[in-house]
Amino acid sequence: MEARPESDPTTSRAENPNPDHEEIEEDEDDEPEEMMTPDARNAEVEPLFSDANTFQQLLRAAGVAKLRLHRLGIFDSVSITLDAGPPELPGTANVVIDISEGSLLSGDFGVYSKPEARSWSLEAAARLKNLLGYGDLWDGSLAYGWGQSLEISSGMALPRFNTIPTPVSRRISLLSQDWLKFSSYKERALGLSLSLLSTGNHDLSYNLSWRTLTDPSQMSSYTVRRQLGHNLLSGLKYAFKTDHIDSPMRPTRGHAFVSTTQIGGLFPDLRSLRFFRQEFDLRYAIPIGFYRAALNFGISGGPTSILGFKSRGLGLAEPRRVTRDNPNDGNSDDSRIDNVGGDLALAAFADLSFDLPLKVLRNAGIHVHVFACTGSVNKLSENSYKEFSLQKFKDSFRSSAGAGLVVPTRLFRMEVNYCYILKKQEHDICASYPN
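Not measured: the values here are computed from a predicted model.

Some details on the overall build of the protein chain
Consideration 1: If you tally the helices and strands in the protein chain, you get 5 helices and 22 strands.
Consideration 2: When the 435 residues of the protein chain are sorted by exposure, 36% land in the buried category.
Consideration 3: For the protein chain, the accessible surface area stands at approximately 24600 Å², while carbon and sulfur atoms represent 57% of it.

The structure is reproduced here in structure tokens:
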């Protein structure tokens, strides 16, 4: 590939005399100072076109290049034009990339709800894009969940420095969570996350945080009490992701898979928690063929959330301690137990969505769905695995079913659902639905 600096294009040969050369046009008079540097921009796409030897390969390279530039998150629009090369260079083509860079500063603000869990949150974020000219992204965010959590974080992502690939991101966060509605503790954590590798379907990161658990009531159960105090969480996190779902707002075709592996306790400190955690999530969407109907189903192993049950309201429970000032008078309300989760979590769902007959609703993307969910949480640590059996695993499942109205927006998917609890355990916390 030969570069011509006066117009910043590159030339690539192809067997087909039709389009096969890259040219990135720039107007220095109109270009803002924050514009991504030509070297950094070319480095994102130049190798794709230099390896193309046929017109079909050029078409594929153009599609990948456009997606790659969009993923940088700094351009409002990207268009690629393939044209025949100059007569003096037979068997070549021009590739013209037109880009429009967005504003330096952007932000979001909103109030979000999960009707099925009766929870609300206020979230705000601000972003600085391409401050250094290398596709860098700087952001700060705040999220407040009514009476439950507060998270403040700031991060930086740098896809490359000049022509050197550096898919590095760093994030600092301060998290405060009040779990007193479900368990007798509060959590505070100051953390640092460093991305070590991010390429294709693979992500590798290192996470370090200092966590403090406190018990304001002094009545916590044994499981909660032995985890109180200060802990250091240090570990590697590897994620493999593949996503072929046609739409995140309304999936009608395709599949997606995520596998996450975490190894904790890598820091040489006695207070560093040591653990191994494996999570996965598999989803599939199948079109049916009428009223844009589609069947979605999935299975996941990890933190379990089921429609109709409150967040962290599903799982194992232990009684809190009894004190002289707060005796146990036989009342078995939820304030006298701690929801402590488990070691093995499994959930599955099935969802059938379809359009409504009214044209105005179809044009707005508003549709209905019917669904069914089930999930299970079991304890395996502290020799509990010795008592584990297939029958006990089967009996541990909870389930719900229902229907709802889905209103997709540009930023998120809003649902108004009615859930009916089919099966629950004694201390599960439901979201005020009939059971």
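On we go from here.
Here's the deal with the pattern of salt bridges
Consideration 1: The tally for this structure, following the rule as stated, stands at 7 salt bridges.
Consideration 2: Aspartate 338 serves as the salt-bridge partner of arginine 320, at 2.7 Å between the closest nitrogen and oxygen. In this pair, arginine 320 is assigned in the loop between β17 (316-319) and β18 (337-341) and aspartate 338 in strand β18, connecting sequence segments 18 residues apart.
Consideration 3: A relative accessible area of 13% places arginine 320 in the buried class.
Consideration 4: For aspartate 338, a relative accessible area of 0% corresponds to the buried category.
Consideration 5: Between glutamate 382 and lysine 379 there is a salt bridge, and its shortest N-O distance comes to 2.9 Å.

Examining unusual backbone geometry
Consideration 1: Despite not being glycine, tyrosine 291 shows a phi value in the positive range, around 50 degrees.
Consideration 2: Relative to the helices and strands, tyrosine 291 resides in the loop between β15 (275-287) and β16 (294-301).
Consideration 3: Classification of tyrosine 291 as partly exposed rests on a relative accessible area of 47%.
Consideration 4: The backbone of glutamate 382 shows a phi angle near 55 degrees, a positive value even though the residue is not glycine.

Things to note about the environment of isoleucine 172
Consideration 1: Residue position: isoleucine 172 is located in strand β10 (residues 164-178).
Consideration 2: Each C-alpha atom of the pair isoleucine 172 and leucine 194 lies 9.1 Å from the other, and the pair is 22 residues apart in sequence.
Consideration 3: If we skip the residues at most four places from it in the chain, isoleucine 172 touches Ile152, Ser153, Ser154, Gly191 and Leu192.

Overview of the environment of phenylalanine 349
Consideration 1: Note that phenylalanine 349 resides in strand β19 (residues 344-355).
Consideration 2: Placed 51 residues apart in sequence, phenylalanine 349 and glycine 298 show a C-alpha to C-alpha distance of 5.6 Å.
Consideration 3: Those residues in contact with phenylalanine 349 that sit more than four places away from it in its chain are Arg283, Asn296, Phe297, Gly298, Ala372 and Cys373.

Some thoughts on the environment of leucine 131
Consideration 1: With respect to the helices and strands, leucine 131 occurs in the loop between β7 (119-129) and β8 (137-145).
Consideration 2: Leucine 131 gets classed as partly exposed once you look at its relative accessible area, which sits at 41%.
Consideration 3: Spatially, the C-alpha atom of leucine 131 lies 9.5 Å from that of leucine 105, the residues being 26 residues apart in sequence.
Consideration 4: Excluding residues within four positions of it along the chain, leucine 131 makes contact with Leu104, Asp136 and Trp138.

So, the nonpolar core
Consideration 1: Ranked by internal contacts, the top residues of the largest apolar core, which has 14 residues, are Phe49, Leu58, Leu69, Phe75, Val78, Val95 and Ile97.
Consideration 2: Among the elements of the structure, α1 (38-50), α2 (55-71), β4 (75-84) and β5 (92-101) are those that each provide at least two residues to this core.
Consideration 3: Among the elements that make up this core, the one with the highest residue count is α2 (5 residues).
Consideration 4: Among the nonpolar cores identified, the runner-up in size contains 9 residues, and Ile306, Leu314, Cys373 and Cys430 belong to it.

Examining the packing of aromatic side chains
Consideration 1: All chains considered together, the criterion is met by 4 aromatic pairs.
Consideration 2: Each ring, one from tyrosine 284 and one from phenylalanine 297, has its centre 6.0 Å from the other, and the planes form 15 degrees; the classification is stacked. Taken together, the residues tyrosine 284 in strand β15 and phenylalanine 297 in strand β16 connect sequence positions 13 residues apart.

Quick word on a nonpolar patch on the surface
Consideration 1: Taken together, the side chains of Val111, Trp120, Leu142, Tyr144, Trp146, Leu150, Ile152, Ile172, Leu174, Leu190 and Leu192 present a nonpolar region at the surface, about 1000 Å² in accessible area.
Consideration 2: Only β8, β9 (149-161), β10 and β11 (186-199) provide two or more residues apiece to the nonpolar patch.

Some remarks on the state of the cysteines
Consideration 1: Under the definition given, this model contains 0 disulfides.
Consideration 2: Sulfur of cysteine 373: no disulfide; nearest cysteine sulfur belongs to cysteine 419 and is 7.1 Å away.

Some points on the confidence of the model for the protein chain
Consideration 1: With 79% of its residues at a pLDDT of 70 or more, the protein chain has an overall mean of 77.
Consideration 2: A low-confidence stretch, residues 1-34 stays under pLDDT 50, and its non-local contacts, those more than four residues away or across chains, total 107 contacts.

Thoughts on the side chain of glutamate 318
Consideration 1: Within the secondary structure layout, glutamate 318 lies in strand β17.
Consideration 2: Within the buried core, glutamate 318 has no salt-bridge partner, and the shortest N-O distance to an opposite charge, that of lysine 379, equals 4.1 Å.
Consideration 3: Here the side chain of glutamate 318 touches threonine 223 through a polar contact of 2.5 Å, side chain to side chain.
Consideration 4: Excluding residues within four positions of it along the chain, glutamate 318 makes contact with Ser221, Tyr222, Thr223, Arg336, Ile337, Asp338, Val340 and Lys379.

Examining the side chain of threonine 242
Consideration 1: Along the chain, threonine 242 falls in strand β13 (residues 229-243).
Consideration 2: Separated by 3.2 Å, the side chains of threonine 242 and histidine 244 make a polar contact.
Consideration 3: Once residues within four sequence positions are removed from consideration, threonine 242 is found in contact with Asn201, His255, Ala256 and Phe257.

What counts, and where the lines are drawn
Residues numbered from 1 in each chain as written. Predicted model: local features only at pLDDT ≥ 70, side-chain atom pairs only at ≥ 80, totals over all residues. Heavy atoms only, no water. Helix = DSSP H or I, 4+ residues; strand = E, 2+ residues; numbered from the N terminus. Buried < 20%, exposed > 50% of the residue type's maximum accessible area, 1.4 Å probe, protein only. Areas by Shrake-Rupley, 256 points an atom, 1.4 Å probe, with all protein chains shown as cover. Salt bridge = Lys/Arg side-chain N within 4 Å of Asp/Glu carboxyl O. Contact = heavy atoms within 4.5 Å. Core = buried A, V, L, I, M, F, W, Y, C linked by side-chain atoms within 4.5 Å. Phe/Tyr/Trp six-rings, centres within 6.5 Å; stacked < 30°, edge-to-face > 60°. Patch = residues over 30% accessible without salt bridge, like charges linked within 9 Å, V, L, I, M, F, W, Y side chains within 5 Å. Disulfide = S-S within 2.5 Å. pLDDT = per-residue confidence, 0-100. Lys, Arg positive; Asp, Glu negative; His and termini not counted. Polar contact = N/O pair within 3.5 Å; in protein donor to acceptor, adjacent residues only side chain to side chain.

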